[in-house]
There are 2 protein chains.
Amino acid sequence: MPRMKVQGQHHRSIEADPSTRIVRFIDQTRLPHAFVLSEATHWTQIESAIRDMAVRGAPLIGVAAAFGLALAMTEDASDDQLNLVSQRLNATRPTAVNLAWALERMTSHLQPLLIENRQAAAWREAQAIADEDVAINEAIGRHTLPLIQAIAQKKDVVNILTHCNAGWPATVDWGTALSGIYQAQLANIRLHVWVDETRPRSQGLLTAWELREQGVPHTFIADNAGGHLMQHGQVDMVIVGADRVSLKGDVCNKIGTYLKALAAFDNGIPFYAAVPSPTIDRTLRDALGEIEIEERAGSEVRRIQGLDADGQLTSLQLLPEGSPVSNPGFDVTPARLVTGIITEKGVAAAGELARLFG
Amino acid sequence: MPRMKVQGQHHRSIEADPSTRIVRFIDQTRLPHAFVLSEATHWTQIESAIRDMAVRGAPLIGVAAAFGLALAMTEDASDDQLNLVSQRLNATRPTAVNLAWALERMTSHLQPLLIENRQAAAWREAQAIADEDVAINEAIGRHTLPLIQAIAQKKDVVNILTHCNAGWPATVDWGTALSGIYQAQLANIRLHVWVDETRPRSQGLLTAWELREQGVPHTFIADNAGGHLMQHGQVDMVIVGADRVSLKGDVCNKIGTYLKALAAFDNGIPFYAAVPSPTIDRTLRDALGEIEIEERAGSEVRRIQGLDADGQLTSLQLLPEGSPVSNPGFDVTPARLVTGIITEKGVAAAGELARLFG
């Protein structure tokens, strides 16, 4: 079931036109201030879009990479091209495992085929990955709903805190962390979402934007505020997405997630990660030691963009050049702080993820 | 000993000219982009400066209020004026106890005096409060130094994380949390400071600015990053300031402090609050329940200021009007997470503060 709407019209975050071989995606660097659809006709445009975060969110960058490989096969379906483009796309972002997962699935599907069959197969497989993402996220939402319903039986309004954007722009449709919130909205549960700003990229602006478009009550807060709200009983549960999760249930997600998990634990508030199976990395032993945490440009912290008095998207310098910046993009929340992992197969205690996916 | 310098010249954050009765203060809303001294010749200018955070930081707003009352006594030294102005200044900011403390000290000093003696006495007492603040902060730094030295014996470089600005602009001179860092610099200890941005007002920009001016190595980070750095052994201690501290050792400080205290505790990293005695509220029983947490304007989260391409200080809209904002200014870190309280009388375990100040 298609779900997400912008100004009343349904959109997926990314869509391929099967006749023209054009990939269209929402340029998320322009949100929430402008809704702009970009087109890619060459795989290097997908490469740039992932690297520059015009498409972002672990599930979406996996799907985008798959379409990128389909564009590459349209140009040249040789083994060399398959290997080169796969490596190049995989190098765009290091932390989310969905990227490597989608590229591995595409290459292992295409490699055995005759070269003349690869182009059509690549588009079919990329489309299948996109469609599966929608189905997975809808299922995650279905499994989230009873968790929200249980709280709704005790509270007039269910207050949910989320960090970063794990809504539909982070996926093809529905979102991961927000999927259950939309299911709860459909079930007429009264809820309210605390939206973390999520500096430095401020993906909370995307979350506020999509919740506004879907009519879900929400309040935007600085990243510093969540602990205080939890201390004062204003948060009933936390739901976040993930970029890479170990079978032990350690959750790598947007920087700052660990701090919110600590505060939830300290206040006895359930903390859930919504995790599609392509986000699970079965090879991980020690998530804290093994996952490469992307260090992004200091300019993301030093500068910020927004609308000026004329309504133009522009950027300002916050921090003078004389002070250095560090900008790690992700952190790892240990399984001991995670109440449950919500997957398309159901909810597992963090330590029992291997039971569903081992 | 005067300490802090801007472009090589010593400044206090606030100074009164005894001959002209003019109060000069650094306009902190213009930092770090411009160093501007403002003048107040009427107490209502001090009232605005505190409310609009041109002067901010618990110790400094106490001193500023004292000078505001001195300006008011110069105009009219009646009981009515004393009561009215004291109430008005006290209403500018609710959370830091230093404001009420300084006003109470001023009024109990002035009330018994003959009206004709109040003006001169008010200026003397305000100046005494300012001078005592400098001495207190220097003493806090002296008591912080051995804590840093102990780490320096085991590590080449001591990494200290701080939140908000508890440096010299938050006080008259030296700062509270940063005072010991400057003492360590004088003692030739190699150190490096992680500076939290501290959204929404981004007081970390002030901290980066003053550390740069004093030549202390530092790195600016988003508020979300500190937990990750602590997990990876990149933080040796945390030192923050405070706005109100109970005798039990519960620390009310800038929003987000609690999250960093949780992360420090989870990683076995010592967490200190640097607390001048005027910041201790002896009347508090339940800090979490009793302290009024200032809710500031949503525009502080919704908009941001910085330098545009022409080097002009300007502001941008980050979040569209359709999404509401909540903006609590402070949180309370429970004593159980606090390794020690550094005061001018020495360092106390959080639970033993009453021994020094009961």
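What you are looking at is a predicted structure, and each value in this text was computed from that prediction instead of being measured.

Parameters and conventions
Residues numbered from 1 in each chain as written. Chains lettered and ligands numbered in written order. Predicted model: local features only at pLDDT ≥ 70, side-chain atom pairs only at ≥ 80, totals over all residues. Heavy atoms only, no water. Pairing = 2+ DSSP bridges. Helix = DSSP H or I, 4+ residues; strand = E, 2+ residues; numbered from the N terminus. Axes fitted to C-alpha atoms, helices over the stretch in contact; angles between N-to-C directions. Disulfide = S-S within 2.5 Å. Buried < 20%, exposed > 50% of the residue type's maximum accessible area, 1.4 Å probe, protein only. Phe/Tyr/Trp six-rings, centres within 6.5 Å; stacked < 30°, edge-to-face > 60°. Lys NZ or Arg CZ within 6 Å of the ring centre and 35° of its normal. Contact = heavy atoms within 4.5 Å. Parallel < 35°, antiparallel > 145°, perpendicular 65-115°, else oblique. Arc of directions from axis to C-beta. Least-squares fit on C-alpha atoms with pLDDT ≥ 70 in both. Buried area = accessible area lost by both parts, 1.4 Å probe. Salt bridge = Lys/Arg side-chain N within 4 Å of Asp/Glu carboxyl O. Polar contact = N/O pair within 3.5 Å; in protein donor to acceptor, adjacent residues only side chain to side chain. pLDDT = per-residue confidence, 0-100. Left-handed = near helix turned anticlockwise from the far one by under 90°. Nonpolar A, V, L, I, M, F, W, Y, C, P; charged D, E, K, R; others polar.

(A) Highlighting the sheet that holds strand β17 (residues 340-343) of chain A. All names here are of chain A. The strand order across the open sheet built from 7 strands is β8-β7-β6-β9-β12-β17-β18, with neighbouring strands paired in mixed fashion. Strand pairing shows two members of the sheet lacking a second neighbour, β8 (218-221) and β18 (346-348), which therefore form its edges. Within the sheet, the average angular offset between the axes of one strand and its neighbour, ignoring direction, is 25°. As judged from the 3 bridges shared by β17 and β18, these two strands associate in the antiparallel manner.

(B) Looking closely at the state of the cysteines. Residue and element names in this part refer to chain A. Scanning the model with the defined rule gives 0 disulfides over all chains in all. Here C164 stays unpaired: no disulfide links it, and the sulfur of C252, its closest cysteine neighbor, is 11 Å away. According to the relative accessible area criterion, C164 is buried, its value standing at 7%.

(C) Quick look at the packing of aromatic side chains. The tally for this structure, following the rule as stated, stands at 6 aromatic pairs over all chains. With 6.0 Å between their ring centres and 45° between their planes, W168 of chain A and W209 of chain A make a pair best called tilted. On the criterion of sequence distance, the pair formed by W168 of chain A in the loop between β6 (158-162) and α6 (179-186) and W209 of chain A in helix α7 (residues 204-214) is long-range, its members being 41 residues apart. Of the two residues, W168 of chain A and W209 of chain A, neither departs from the other in class, the shared state being buried. Centroid distance F35 of chain B to W209 of chain B: 6.2 Å. Interplanar angle 20°. Geometry classified as stacked. Note that F35 of chain B is positioned in the loop between β4 (22-26) and β5 (37-40) and W209 of chain B in helix α7 (residues 204-214), a separation of 174 residues in sequence. Grouping aromatic residues by their ring pairs yields a cluster made of F35, W168 and W209 of chain A. Looking at K254 of chain A, its charged tip hangs above the ring of F330 of chain A, at a distance of 4.3 Å from the centre.

(D) Spatial organisation of the sheet that holds strand β5 (residues 37-40) of chain A. All names here are of chain A. The strand order across the open sheet formed by 3 strands is β3-β4-β5, and the pairing between neighbours is antiparallel. The outermost strands of the open sheet, each flanked by one partner alone, are β3 (14-17) and β5. Within the sheet, the average angular offset between the axes of one strand and its neighbour, ignoring direction, is 25°. Both β3 and strand β4 (residues 22-26) contribute to a ladder of 4 bridges, which runs antiparallel. The residue of β4 that forms the bridge with A16 is V23. Those strands touched by helix α2 (residues 58-75) are β3, β4 and β5, and its axis lies near 20° from that of β3.

(E) View of the packing of helix α3 (residues 79-90) of chain B against helix α4 (residues 97-110) of chain B. Residues and elements named next belong to chain B. Two numbers describe how α3 lies on α4: the axes approach to 10 Å, and their chain directions differ by 170°. The orientation of α3 with respect to α4, classified from their angle, is roughly antiparallel. Contact residues: α3 offers L82, S86, L89 and N90, while α4 offers L99, A100, L103, T107 and L110.

(F) Fine view of helix α1 (residues 43-51) of chain A. Residue and element names in this part refer to chain A. Listing the buried residues of α1 in full gives W43, I46, E47, A49 and I50. Angularly, the buried residues of α1 cover 165° about the axis, an arc narrow enough to put them on a single face. Taken together, the buried residues of α1 touch β4, β5, α2, α3 (79-90) and α4 (97-110). M53 lies just past α1 and shows a positive phi near 65°.

(G) Spatial organisation of the relation of the copies chain A and chain B. Rotating chain A by 180° and translating it 0.0 Å along the rotation axis places it on chain B, where the RMSD comes to 0.0 Å. Put plainly, the chains are arranged around a two-fold axis. The position closest to the rotation axis in chain A is occupied by the C-alpha of L259 of chain A, lying 2.9 Å away.

(H) Molecular detail of the interface of chain A and chain B. If you look at the interface, chain A gives 58 residues, while chain B gives 58 residues. The contact between chain A and chain B buries some 4800 Å² in all, and 62% of this surface belongs to carbon and sulfur atoms. When the area that chain A buries against chain B is broken down by residue, the three leading residues are N224, L259 and L316 of chain A, summing to 15%. Put simply, chain A and chain B have 4 salt bridges between them. When the shortest N-O distance is used, the salt bridge between E197 of chain B and R199 of chain A registers 2.6 Å. The interface formed by chain A and chain B includes 28 residue pairs in polar contact (both at pLDDT 80 or more). Elements represented by at least two residues in the side of chain A that touches chain B include exactly α7, β8, α8 (226-231), α9 (257-266), β14 (303-307), β15 (313-317) and β16 (330-333) of chain A. Of the residues forming the side of chain A that touches chain B, the biggest block, 6 residues, is contributed by α9 of chain A.

(I) Summary view of the confidence of the model for chain A. For chain A, per-residue confidence averages 96 on the pLDDT scale, and residues scoring 70 or more make up 99% of the total. As a predicted assembly, this complex carries a pTM of 0.97 together with an ipTM value of 0.96.

(J) Fine view of the pattern of salt bridges. Taken as a whole and judged by the stated rule, the model has 36 salt bridges over all chains. A salt bridge links R296 of chain B to E300 of chain B; the nearest nitrogen and oxygen atoms lie 2.8 Å apart. Accessibility assignment for this pair places R296 of chain B and E300 of chain B in one class, buried. The network of salt bridges with shared partners includes R93, R201, E294, R296 and E300 of chain A.

(K) The arrangement of the packing of helix α5 (residues 115-152) of chain B against helix α6 (residues 179-186) of chain B in detail. Residue and element names in this part refer to chain B. Contact pair α5 / α6: the axes reach a minimum separation of 7 Å and the direction vectors enclose 65°. The handedness of the crossing between α5 and α6 comes out as right-handed. Contacts between α5 and α6 involve N137, E138, G141, R142, T144, L145 and I148 from the first element and S179, G180, I181, Q183 and A184 from the second. Tallied by class, the residues present in the contact of α5 with α6 amount to 4 nonpolar, 6 polar and 2 charged.

(L) Layout of the environment of Q231 of chain B. Examined against the element boundaries, Q231 of chain B turns out to sit in helix α8 (residues 226-231). When the C-alpha atoms of Q231 of chain B and D250 of chain B are compared, they prove to be 24 Å apart, with 19 residues separating the residues in sequence. Sequence-distant contacts of Q231 of chain B, that is, excluding residues within four places in its chain, are made with Y258, L288, D331, V332 and P334 of chain A together with N267 of chain B. Here V332 of chain A takes part through its backbone oxygen, which lies 2.9 Å from a polar atom of the side chain of Q231 of chain B.

(M) Region of the structure containing the pairing of strand β12 (residues 271-274) of chain A. All names here are of chain A. Burial along β12 is two-sided: F271 and A273 facing one way and Y272 and A274 facing the other are all buried. In terms of strand pairing, strand β9 (residues 237-240) meets β12 through 3 bridges, oriented parallel. Across the sheet, the residue bridging to V238 is F271, located in β12. Across 3 bridges, β12 lies against β17 in parallel orientation. Note that in β17 the partner of A273 across the bridge is I341.

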